[in-house]
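If you want the building blocks of each chain, they are given just below.
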Amino acid sequence: MELAQVRLLVTDFAACYRFYAEVLGLKPQSGATEGPYEKFSPSTGSAGIALQDRAMMAQVLGEMGESVTGHRSLVVLRVGDLDAYCAQITDRGAVLLHGPAPMTDRMRVAHLKDPEGNVVELQEWLLLRG
């Protein structure tokens, strides 16, 4: 078994697409800016994040599911230089909720939200610093 992706069900697909592609700088697979589906990949590693239009999945399942409230997901991205990456993404419109700050003696983190309210954690692993 292999994990193919983590998929986020979103209502405002275009806004989320812009956030993951333009603000966070992840590479879109096909360029489907209006959806209903797109996978994003970082420059290294094999893990991916995908967006899917919530209404499309509701049609597939025959139900809309419970209404979205509170924090329902946490997307974690590892970066080499947290301070530099946070500076880049805030220049592109990201709003940091927390950090960059130490999380443990081995990791520094920063947190922000995508346009749907999904929490994104940016991690810098201190043990990997050269």
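Here the structure is shown first, and the text comes after it.
Everything numeric in this text was worked out from a predicted model, so none of it was measured.

Aromatic ring pairs: the centre-centre distance and the angle between the two ring planes describe each pair. What the rule picks out here adds up to three aromatic pairs. Taken together, a centroid distance of 5.1 Å and an interplanar angle of 85 degrees make the contact between Phe19 and Tyr20 edge-to-face. Given a relative accessible area of 7%, Phe19 falls into the buried group. Given the relative accessible area of 0%, Tyr20 is considered buried. Taken together, a centroid distance of 6.0 Å and an interplanar angle of 35 degrees make the contact between Tyr20 and Phe40 tilted.

Let us now look at helix H1 (residues 13-23). The periodicity of an α-helix, 3.6 residues per turn, causes residues three or four places apart in sequence to face the same way. Counted residue by residue, H1 has nine buried out of 11 residues, so it is predominantly covered. A positive phi of about 80 degrees marks Gly25, the residue just after H1.

Formed by 26 residues in total, the largest nonpolar core has its most connected members in Tyr20, Leu24, Leu51, Ile89, Leu112, Val120 and Leu122. By residue number, the principal contributor to this core is H1, which donates seven residues. Sequence-distant contacts of Leu24, defined by excluding residues within four places in its chain, comprise Phe19, Leu77, Tyr85, Ile89, Arg92, Leu112 and Val120.

Before going further, it helps to spend a moment on the side chain of Glu121. If you trace the backbone, Glu121 turns up in strand E8 (residues 119-125). The buried charged residue Glu121 lacks any salt bridge partner; its closest oppositely charged side chain belongs to Arg78, at an N-O distance of 11 Å. Side chain to side chain, Glu121 and His111 meet in a polar contact 2.7 Å long. The residues touching Glu121, leaving out its near neighbours within four places in the chain, are Leu74, Val75, Val76, Leu77, Met103, Val109, Ala110 and His111.

The strand order E5-E8-E7-E6 describes an open sheet built from four strands, whose pairing is mixed. Only two strands of the sheet have a single neighbouring strand rather than two, namely strand E5 (74-78) and strand E6 (96-104). Within the sheet, the average angular offset between the axes of one strand and its neighbour, ignoring direction, is 20 degrees. Relative to E8, strand E7 (residues 107-113) runs antiparallel, the two being bridged by seven bridges. Each bridged residue has a counterpart across the sheet, and for Arg108 the counterpart in E8 is Glu124.

Each value, and the rule that gives it
All residue numbers here refer to positions counted from 1 along the written sequence of the relevant chain. Reporting in this predicted model follows two pLDDT cut-offs: at least 70 for local features of residues, and 80 or more for side-chain atom pairs to be given and counted; totals over whole chains, interfaces and linings ignore these cut-offs and use all residues. Each side-chain value is worked out from all heavy atoms of the structure, with water and hydrogens disregarded. Aromatic pairing here means that ring centres of Phe, Tyr or Trp (its six-membered ring) are within 6.5 Å. Orientation follows from the plane angle: under 30 degrees is stacked, over 60 is edge-to-face, and everything else is tilted. Each residue gets one of three labels from its accessible area relative to the maximum for its type: buried under 20%, exposed over 50%, partly exposed in between, using a 1.4 Å probe on protein chains only. Going along the chain from the N terminus, every DSSP run of H or I of four or more residues is numbered as a helix, and every run of E of two or more is numbered as a strand. Residues belong to a common nonpolar core when they are buried Ala, Val, Leu, Ile, Met, Phe, Trp, Tyr or Cys residues joined through side-chain atoms within 4.5 Å. A contact between two residues is defined here by any heavy atoms of the two lying within 4.5 Å. Counting rule applied: Lys, Arg positive; Asp, Glu negative; His and chain ends not counted. A pair is scored as a salt bridge if a Lys or Arg side-chain nitrogen falls within 4 Å of a carboxyl oxygen belonging to Asp or Glu. By the criterion applied in these results, polar contacts are pairs of N or O atoms within 3.5 Å in which, for protein atoms, one can donate a hydrogen and the other can accept it, and in which residues neighboring in sequence qualify only through two side-chain atoms. By this definition, two strands are paired if DSSP reports at least two bridges between them. The axes are straight lines fitted to the C-alpha atoms, using for helices just the contacting stretch, and the angles between their N-to-C directions are given from 0 to 180°.

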